[in-house]
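Take a look at the letters that make up each chain.
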Amino acid sequence: MSKMKHILFSTAIIASLSLTSCCKQEEKCEAPTATQRTEQVAPVETTIERIEQGTHISQASKAGNLVFLSGQIGDGKTITEQAQNVFKTIDGLLTKAGTDKSKIIFATVYLTDMNDYGEFNDAWIKWLGNSSKPSRATVQVVQLAKPEWKVEVQVSANL
């Protein structure tokens, strides 16, 4: 696993510092200039960790308290078989990152045939069980990287 350090500036910190440094309630207040706001905010250092890094992509990347998975595909003849294999892969990657499916924030599901939507949802619900249901988008695509693939799932999760 390789680690890279990046400097991130939090707009939330900038906004809150701008408000608190402006003035007291009873005084006339002018918003701080961009230079003043920048001087007030210390850079936040975040390490990015790559999980299962390959030639072209990493299967997952951790940054701060978040983990981002690349689109995952699975073997099988039916949408259910492929979905179950995708979920098994996602579970494994989330475990390696130090989290689990209950902490998924958002998922994007790519289906090659929207007629598979109901069958995919049945597998999705069975996989998630009683864990909280993440936000999700489902879109139909003409084709995935290989013609036999029917579904690809990409997720982002909290640690």
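Let us look at the structure shown here.

1. A closer look at helix 4 (residues 117-128)
A rise of 1.5 Å per residue sets the reference length of helix 4, with its twelve residues, at 16 Å; its end C-alpha atoms lie 16 Å apart and thus fit the reference within 8%. Listed as buried for helix 4 are Phe120, Asn121, Ala123, Trp124, Trp127 and Leu128. Projected down its long axis, helix 4 carries its buried residues within an arc of 165 degrees, all on one side. Seen from the open side of helix 4, the exposed residues pointing more than 90 degrees away from its buried face are Asp122, Ile125 and Lys126. Buried residues in helix 4 make contact with helix 3 (79-97), strand 5 (104-111), strand 6 (135-140) and strand 7 (151-158).

2. Focus: helix 3
Along an α-helix, a turn takes 3.6 residues, which lines up residues three or four apart on a common side. Its 19 residues give helix 3 an end-to-end C-alpha distance of 27 Å, which sits within 8% of 27 Å, the value for a rise of 1.5 Å per residue. All buried positions along helix 3 are accounted for by Ile79, Gln82, Ala83, Val86, Phe87, Ile90, Leu93, Leu94 and Ala97. Here the buried residues of helix 3 occupy an arc of 135 degrees about the axis, which is enough to place them on one side. Looking at helix 3, the residues exposed on the side facing more than 90 degrees away from the buried face are Lys88, Thr95 and Lys96. With its phi angle positive at about 95 degrees, Gly98 sits one or two positions after the end of helix 3.

3. What to know about the environment of Leu144
In this structure, Leu144 sits in the loop between strand 6 and strand 7. Exposure remark for Leu144: the relative accessible area of 9% places this residue in the buried category. Between the alpha carbons of Leu144 and Leu111 there is a distance of 8.4 Å; along the sequence they are 33 residues apart. The contacts of Leu144, once residues within four sequence positions are left out, are Tyr110, Thr112, Trp149, Lys150, Val151 and Glu152.

4. Concerning the environment of Ala63
Residue position: Ala63 is located in strand 3 (residues 58-63). Taking the relative accessible area as the measure of exposure, Ala63 reaches 24% and is therefore partly exposed. The spacing of Ala63 and Ile48 is 15 residues in sequence and 4.7 Å in space, taken between C-alpha atoms. Sequence-distant contacts of Ala63, that is, excluding residues within four places in its chain, are made with Thr46, Thr47 and Ile48.

Conventions and cut-offs
Residues numbered from 1 in each chain as written. Predicted model: local features only at pLDDT ≥ 70, side-chain atom pairs only at ≥ 80, totals over all residues. Heavy atoms only, no water. Helix = DSSP H or I, 4+ residues; strand = E, 2+ residues; numbered from the N terminus. Expected span 1.5 Å × (residues − 1). Buried < 20%, exposed > 50% of the residue type's maximum accessible area, 1.4 Å probe, protein only. Arc of directions from axis to C-beta. Contact = heavy atoms within 4.5 Å.

Structural measurements only, silent on function.
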